[in-house]
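Residues per chain are reported as follows:
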Amino acid sequence: MHKLSIETATLRIATFATGERLLILNALCFGPAGACETARLVPRQHETAPEDGLWDFDLVCGPGTDPAGAPSWRNLAFTGEASWCEGVRLHSPGGVLEHRLPRRAWIGPSPAAPGMTGSSASRVQPLRQEAVHRRPESLRLFLDAVAGALVALGLSMLPLAVPAVAGEPQATSVASR
């Protein structure tokens, strides 16, 4: 059996204005190079939503891979619709990793998304005019000017940092021949 393991996983659940939800899962797989190259996340099919709300995934690799190869890692990704999902449980030969998102961590619908109707569209507000025409702050202007002057000074000193080569012929000796 391959010694594949899942080291870390990040999970996002995006909700849309239509009520649909999308699961975005990224996992870091670690193990022999041959097994990592063919590794993939396979979701388990649930006939009904599990009581705990976790979607089970298996980490599998292709047949005929070398179980004793050099250690390697690879990022695996899965995206799928999950109206019932509240987290994932990742099963691998190296163990089980469980990740549950609190409800506040779900990505909500974008208020500026095109094609929005109903209550979501009423939340879109125009940009305030005072935010568009702000006067620059004097301290920020001063610090930007100082930074520009220091960059110009550093560039002007660059030729001084290049050592002169003693073996080069001088321009006057070449011109006099």
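Treat the numbers as computed from the prediction; the structure is a model and nothing was measured.

1. Topic: the pattern of salt bridges
Within the structure shown, the criterion is met by 5 salt bridges. With a shortest N-O distance of 3.0 Å, Arg 89 and Asp 56 are connected by a salt bridge. With a gap of 33 residues between them, Arg 89 in strand E6 (residues 87-92) and Asp 56 in strand E4 (residues 54-60) connect regions that are remote in the sequence. Pair check on accessibility: Arg 89 and Asp 56 agree, each one buried. Of the charged contacts in the structure, one is a salt bridge between Arg 100 and Glu 86, with a shortest N-O distance of 3.8 Å. Linking Arg 100 in strand E7 (residues 95-100) with Glu 86 in the loop between strand E5 (71-81) and E6, this pair joins segments that are 14 residues apart in sequence.

2. Looking at the pairing of E6
Counting buried positions along E6 gives 6 out of 6 residues, so the element sits mostly inside the fold. Residues of E6 alternate between two faces, with Gly 87, Arg 89 and His 91 on one and Val 88, Leu 90 and Ser 92 on the opposite face, all of them buried. Direction of pairing for E4 relative to E6: parallel, over a ladder of 5 bridges. By the bridge assignment for E6, Leu 54 is matched with Gly 87. The pairing of E6 with E7 spans 6 bridges and is classified as antiparallel. Looking across to E7, one finds that Ser 92 is bridged to Gly 95. Joining the antiparallel neighbours E6 and E7 is a turn of 2 residues.

3. Some words on the sheet that holds strand E1 (residues 5-15)
In spatial order, the strands read E1-E2-E5; together these 3 strands make up an open sheet with antiparallel pairing. Each end of this open sheet is capped by a strand with a single partner; those strands are E1 and E5. For this sheet the average axis-to-axis angle between neighbouring strands, irrespective of direction, equals 15 degrees. With 10 bridges connecting them, E1 and strand E2 (residues 21-32) associate as antiparallel partners. Considered in E2, the bridge of Thr 10 is made with Asn 26.

4. Examining the nonpolar core
Ranked by internal contacts, the top residues of the largest apolar core, which has 23 residues, are Leu 23, Leu 25, Leu 41, Phe 57, Leu 59 and Leu 90. Listed by contribution, the elements that provide at least two residues to this core are E1, E2, helix H1 (33-38), E4, E5 and E6. With residues near it in sequence (within four places) discarded, Leu 25 still touches Ala 9, Thr 10, Leu 11, Leu 41, Phe 57, Leu 76, Ala 77, Phe 78, Val 88 and Leu 90.

5. Considerations on the sheet that holds E7
Consider a sheet: its strands pair through backbone hydrogen bonds, and that pairing is either parallel or antiparallel. Strand order in this open sheet of 4 strands is E3-E4-E6-E7, and the pairing throughout is mixed. Strand pairing shows two members of the sheet lacking a second neighbour, strand E3 (40-43) and E7, which therefore form its edges. Looking at each pair of strands side by side, their axes are set apart by 25 degrees on average, direction ignored.

6. Regarding the state of the cysteines
Counted by the stated rule, this structure contains 0 disulfides. For Cys 29, which is in no disulfide, the shortest distance to another cysteine sulfur is to Cys 36 and amounts to 3.8 Å. With a relative accessible area of 0%, Cys 29 lands in the buried category.

Reading the values: rules and limits
Residues numbered from 1 in each chain as written. Predicted model: local features only at pLDDT ≥ 70, side-chain atom pairs only at ≥ 80, totals over all residues. Heavy atoms only, no water. Salt bridge = Lys/Arg side-chain N within 4 Å of Asp/Glu carboxyl O. Helix = DSSP H or I, 4+ residues; strand = E, 2+ residues; numbered from the N terminus. Buried < 20%, exposed > 50% of the residue type's maximum accessible area, 1.4 Å probe, protein only. Pairing = 2+ DSSP bridges. Axes fitted to C-alpha atoms, helices over the stretch in contact; angles between N-to-C directions. Core = buried A, V, L, I, M, F, W, Y, C linked by side-chain atoms within 4.5 Å. Contact = heavy atoms within 4.5 Å. Disulfide = S-S within 2.5 Å.

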